[in-house]
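Report on the structure
The chain contents come next:
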Amino acid sequence: MARSLSGFLAPIVAVALICCSFAAAASIFQPISESHRSAAIETFARSYGSLEETYEALQTFDVLGVERKPDVGTAACQSVSQTLASSSSTLKDIFYALKVNGVLKCEVDTDSVEGIVSTLQTAVGSASSLLEFYHSIGGLVLVKNQALKDDLYLADAEGVFRSIKALSQSDGRWRYSSSNPESSTYAAGSALEALAGVISLSSSEIDQSLIGTTKNDILKLFERVEKYDDGAVYFDGEESDAHGNQGPITSTWSVVTGITSFAAVTSGNLNLPGEKILGLAKFFLGVGIPGDAKDFFNQVDSLACLENNRVAIPLILSLPATVNSLTRKDTLKVKVSTVLGSDAPPLKIKLVRAKDTPAIESQELKFDSANKVHVLDTLEKSVDVGNYIFVFEIVFNDPEHKKAYAVESKTEVPIFLTGAVKVGNAKIAVLDSDLGSIETQNLDFAGENLVSLGANHLQKLKLRFQLTTPLGHPFKPHQAILKLTHESKVDHVFVVGNTGKQFEIVLDFLGLVDKFYYLSGKYEIQLTVGDAVMENSFFRVIGHLDLDLPEAPEKAPRPPVQPADAYSRYGPKAEIAHIFRAPEKRPPQELSLAFLGLTVLPLLGFIIGLLRLGVNLKNFPSAAAPAAFAALFHVGIGSVLLLYVFFWLKLDLFTTLKILGFLGVFLLFVGHRTLSHLASTSSKVKSA
Amino acid sequence: MGRSSSTVKETQALFQSLRSAYAATPNNLKIIDLYVGFAVLTAVIQVVYMAVVGSFPFNSFLSGVLSCIGTAVLAVCLRIQVNKDNKEFKDVAPERAFADFILCNLVLHLVIMNFLG
């Protein structure tokens, strides 16, 4: 049916940049190209889960002419045979199995076919929801088209037609079932396809009034269409679509397949305006290369339906290159083709006018039948460099084609014409207010000569030159800039103004002394002239200027600090000299040791003195317990002193205090016992 | 000539009487006196050292000197309390005074050790 392949694909159109241009209306669409094919291979590279996904992948490859892998085909055919043979397959599975079969043309045995046909016929009779009708009728249509069974007809075609029609709504959309009030555009597309299927399967004529009302429904549906500025037209899905078919690409695909299949089986036309069909084509081409498999299939399948449909076949006007060079003597090439890139019928392209440029007259493009492009080769004689918007019109050789094809009435295309701009009559001079020009030098931008000038702050610098296009007209570039750079890398930028034919700039140094930060010395003069359409844009050093400025006064602004060389930021930094406090002078070690010895002397003196006094240990208690306590007392004191030594050597205060706590308690106890014993013995002696 | 010789004789006599009086003091007091002398002498030696080499680790110098002076002071307190001729401290047992002396010394030396560095 309408989903059959387009014939034979034309030579591949080279991919060009789609310009997003300055005027929203002026934009171009490119037909399907090689990049689509390679993207398709990538997007559909994984193995396919369901028959639906398999069908989408196979159909896409088929339309684009991509080779599919042989094992994919065998695996799919196996799945198809299994599904068709099984009696428990759902309607949806049977439908997609038959679709896959249509692409792969597998061997299906007649028993399965009989079984399928009876299942489908029963389903049609008992269907209540839209999708049941869609799948069952679609399946029967596929069986008929694939010639799997002869003489296949629907029993009560008109009744089925009415039942499907009963689900329609007044605004052109359809409901999925009578119980659910929500409607969707996707459902409308499915319904139209189902109705087309009914018409093709009916043995007798369907009532024309029914067909007429369906055509009205289609017109109503098209009133709901959304538009983009560039002429693309699409159907926006409904948020509430419970079957998940809300996206614009899916909804629009559904409608396109619906109307093309319906138009294929009905006589008379649908009265749809050609620009709407063209808008649908533009929408799908404007998607570019879709991200996921479903969108890809929807895009490619819709374009295949539009490629040769009975409503109107859209033709796309595209340009392989929108930037043409006058120097290279490029000719402007324009191509008209179908959405998939096939040839258009014989036609002429006329350049009607260029927007805002009255100089370009209306002319017809010559057709180059070898390359199948239309050529405008009079550009260099009549058109100067610049950017234009050309307006093209398509005129068919055979007036009958106007009804069968949909073309844009006036296509606006942005064009860039580049060329080499001549710089002439360039002079640079230093002017003195009294004497006039002191020295005038001619500048030659082609050569390597640099001029050398000298000036002081009372004089002026004047530069002038002319820019001419290849056709001899004065040219105004985007940039004409003069830059003066001092030796210390401080630079100043000035824009060169133009007066009609000439570019001229006068730098009065008296007024600029402040701006130049009073820096005298050698300045480098650099001139930049550039534009998008100027092929020989340049920026070059044209010479040096020795500038003599007066001394800077106290309050003069300092020149800004120039950024350091970028690489020096990552180089080694300057060494920092740390100044440590000079260490104290220490005495020689022998002196310190001598005094250490001296310190011990008083201790020795003390011990000797004690001995001279006759110190004895007679009062040391002799009984066991007091003796033990007394001994422990001395041990305790000794251990505390030892702890202090360790504290000095390595312990910290907290540890010391902790240990001191234990030792102190012990010492207190022991000391108390000993001293009280001593006290009691001495009081006994006293009393006795 | 005569006057100077008489002063010399008088000072000599003074020293003699001091010596004999001192000989009468009890032994335990003499021990404490000896201890005080030892402590002060040690302090003096440290000061002389500091005068020679400079006071660079000043905390150490202070620590050392104050340890000696501190223990000397505590010993003097002990002597006062232990001396039987002192009427104010008649009720304090000499063992108790000794225990105080030991305790205070230990605390003093803890602080000194901390400050020594």
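In this report, we go over the structure that sits alongside the text. (Residues numbered from 1 in each chain as written. Chains lettered and ligands numbered in written order. Predicted model: local features only at pLDDT ≥ 70, side-chain atom pairs only at ≥ 80, totals over all residues. Heavy atoms only, no water.)

**Quick look at the overall build of chain B**
In plain terms, the rule: Segments assigned H or I by DSSP are reported as helices when at least four residues long, segments assigned E as strands when at least two residues long, and all are numbered from the N terminus. Burial here depends on accessible area, computed with a 1.4 Å probe over protein chains only, as a share of the maximum for the residue type. Under 20% is buried, over 50% is exposed, and the range in between is partly exposed. The accessible surface values rely on the Shrake-Rupley method and a 1.4 Å probe; as for residues, cover is taken only from the protein chains in view.
Along the backbone of chain B there are 4 helices and 0 strands. When the helices and strands of chain B are read in sequence order from the N terminus, they spell out α-α-α-α. Per-residue burial over chain B gives 29% buried out of 117 residues. Counting every atom, chain B has about 7400 Å² of accessible surface; 70% of that belongs to carbon and sulfur.

**A few points about the state of the cysteines**
Keep this limit in mind: The disulfide criterion is simple: two cysteine sulfur atoms within 2.5 Å.
A full pass over the atoms with the stated rule returns 1 disulfide over all chains. For Cys77 of chain A, the disulfide goes to Cys106 of chain A, at an S-S distance of 1.9 Å. Disulfide Cys77 of chain A-Cys106 of chain A: the torsion about the S-S bond is -85°, which places it as left-handed. Remark: Cys106 of chain A occurs in the loop between α4 (91–104) and α5 (110–126) and Cys77 of chain A occurs in helix α3 (residues 70–85); sequence separation between them is 29 residues. In this pair, the class of Cys77 of chain A matches that of Cys106 of chain A, namely buried. The closest cysteine sulfur to the non-disulfide-bonded Cys77 of chain B is located on Cys104 of chain B, 8.0 Å from its own sulfur. On the accessibility criterion, Cys77 of chain B (37% relative accessible area) is partly exposed.

**Describing the nonpolar core**
Residues and elements named next belong to chain A. The condition is simple: To define a nonpolar core, start from buried Ala, Val, Leu, Ile, Met, Phe, Trp, Tyr and Cys residues and group those joined through side-chain atoms within 4.5 Å. Residues count as neighbours in contact if any of their non-hydrogen atoms are within 4.5 Å of one another.
The biggest cluster of nonpolar side chains holds 105 residues, and the ones touching the most others in it are Ile137, Ile164, Trp174, Val198 and Ile259. For this core, the element with the highest residue contribution is helix α8 (residues 185–201), accounting for 11 residues. Once residues within four sequence positions are removed from consideration, Ile137 is found in contact with Val124, Val160, Ile164, Ala194, Gly197, Val198 and Leu201. Residues Phe445, Leu512, Tyr518 and Val533 belong to the second largest nonpolar core, which totals 43 residues.

**A few points about the side chain of Thr83 of chain A**
In this structure, Thr83 of chain A sits in helix α3. Leave out the neighbours within four places in its chain, and Thr83 of chain A touches Leu51, Ser89, Asp93, Ile94 and Ala97 of chain A.

**Observations regarding α8 of chain A**
All names here are of chain A. Stated formally: Each helix should span, by expectation, one fewer than its residue count multiplied by 1.5 Å. Any N or O atom pair separated by 3.5 Å or less is treated as a polar contact, with the protein-specific requirement of one donor-capable and one acceptor-capable atom, and with residues adjacent in sequence counted only for side-chain atom pairs.
Along its 17 residues, α8 runs 25 Å from first to last C-alpha, staying within 8% of the 24 Å computed at 1.5 Å per residue. Of all 17 residues that make up α8, 16 are buried, and the element is covered over most of its length. Capping the start of α8, Ser184 holds a side-chain oxygen 3.4 Å from the backbone nitrogen of Tyr186, two or three residues further along.

**Thoughts on the sheet that holds strand β8 (residues 347–354) of chain A**
Put simply, the rule reads: Strands were regarded as paired on the criterion that DSSP finds at least two bridges between them.
One open sheet holds the 5 strands; their spatial order is β6-β14-β12-β8-β9 (chain A), and the pairing between them is mixed. Only two strands of the sheet have a single neighbouring strand rather than two, namely β6 (323–325) and β9 (363–364) of chain A.

**Some points on the packing of helix α17 (residues 624–649) of chain A against helix α18 (residues 653–687) of chain A**
Residue and element names in this part refer to chain A. Stated formally: For helices, the fitted axis covers only the stretch in contact; all axes are lines through C-alpha atoms, and the angles between them, taken along N-to-C directions, range from 0 to 180 degrees. Under this scheme an angle from 65 to 115 degrees is roughly perpendicular, one under 35 degrees roughly parallel, and one over 145 degrees roughly antiparallel; angles in between are oblique. Should the near helix be turned anticlockwise from the far one by less than a right angle, the crossing is left-handed, and should it be turned clockwise, the crossing is right-handed. Note on residue categories: nonpolar means Ala, Val, Leu, Ile, Met, Phe, Trp, Tyr, Cys or Pro, charged means Asp, Glu, Lys or Arg, and polar means any other residue, Gly included.
Packing of α17 against α18 leaves a shortest axis separation of 8 Å and a crossing angle of 155°. Overall, the two elements α17 and α18 adopt an arrangement that is roughly antiparallel. Between α17 and α18 lies a crossing of left-handed hand. Counted by class, the contact of α17 with α18 contains 18 nonpolar, 6 polar and 1 charged residues.

**Side note on the packing of α8 of chain A against helix α10 (residues 248–265) of chain A**
All names here are of chain A. Contact pair α8 / α10: the axes reach a minimum separation of 7 Å and the direction vectors enclose 20°. Taken as axis vectors, α8 and α10 run roughly parallel relative to one another. α10 is crossed by α8, and the crossing has left-handed handedness. Facing α8, whose interface residues are Thr185, Tyr186, Gly189, Ser190, Leu192, Glu193, Leu195, Ala196, Ile199 and Ser200, α10 presents Thr250, Ser251, Trp253, Ser254, Val255, Thr257, Gly258, Ile259, Ser261, Phe262 and Val265. In the contact of α8 with α10, the residues fall into 10 nonpolar, 10 polar and 1 charged.

**Considerations on the interface of chain A and chain B**
Short version of the rule: Defined here as a combined quantity, buried area equals the accessible surface (1.4 Å probe) lost by two parts on assembly, summed across both. Put simply, a salt bridge is a Lys or Arg side-chain nitrogen that is within 4 Å of an Asp or Glu carboxyl oxygen.
Contacts between chain A and chain B engage 32 residues on the former and 27 residues on the latter. Interface area, chain A with chain B, both sides summed: about 2700 Å², of which 84% is carbon and sulfur. On the surface where chain A and chain B come into contact, there are 0 salt bridges. At the surface where chain A touches chain B, the tally comes to 2 residue pairs in polar contact (both at pLDDT 80 or more). Residue assignment for the side of chain A that touches chain B shows that the elements contributing at least two residues are α16 (589–613), α17 and α18 of chain A. No other element matches the 11 residues that α16 of chain A contributes to the side of chain A that touches chain B. Looking at the side of chain A that touches chain B residue by residue, the class counts come to 25 nonpolar, 5 polar and 2 charged.

**Considerations on the pattern of salt bridges**
Under the counting rule described, the total for this entry stands at 17 salt bridges over all chains. Linking Lys483 of chain A and Asp491 of chain A is a salt bridge whose minimum nitrogen-to-oxygen distance equals 3.9 Å. Asp33 of chain B is the partner of Arg79 of chain B in a salt bridge, and the nearest nitrogen-oxygen pair spans 2.5 Å. You can see Arg79 of chain B sitting in helix α3 (residues 58–82) and its partner Asp33 of chain B sitting in helix α2 (residues 27–53), a full 46 residues away along the chain. Judged by relative accessible area, Arg79 of chain B falls into the partly exposed class, the value being 23%. Each of the salt bridges in this network shares a partner with another, and the network as a whole consists of Glu52, Glu56, Lys92 and Lys294 of chain A.

**Let's talk about the side chain of Asn298 of chain A**
Residues and elements named next belong to chain A. Relative to the elements of secondary structure, Asn298 occurs in helix α12 (residues 293–307). Classification of Asn298 by relative accessible area gives buried; the value is 0%. For Asn298, the side chain forms a polar contact with the side chain of Thr250, separated by 3.5 Å. If we ignore the near neighbours within four places in the chain, the residues touching Asn298 are Ile249, Thr250, Trp253 and Phe284.

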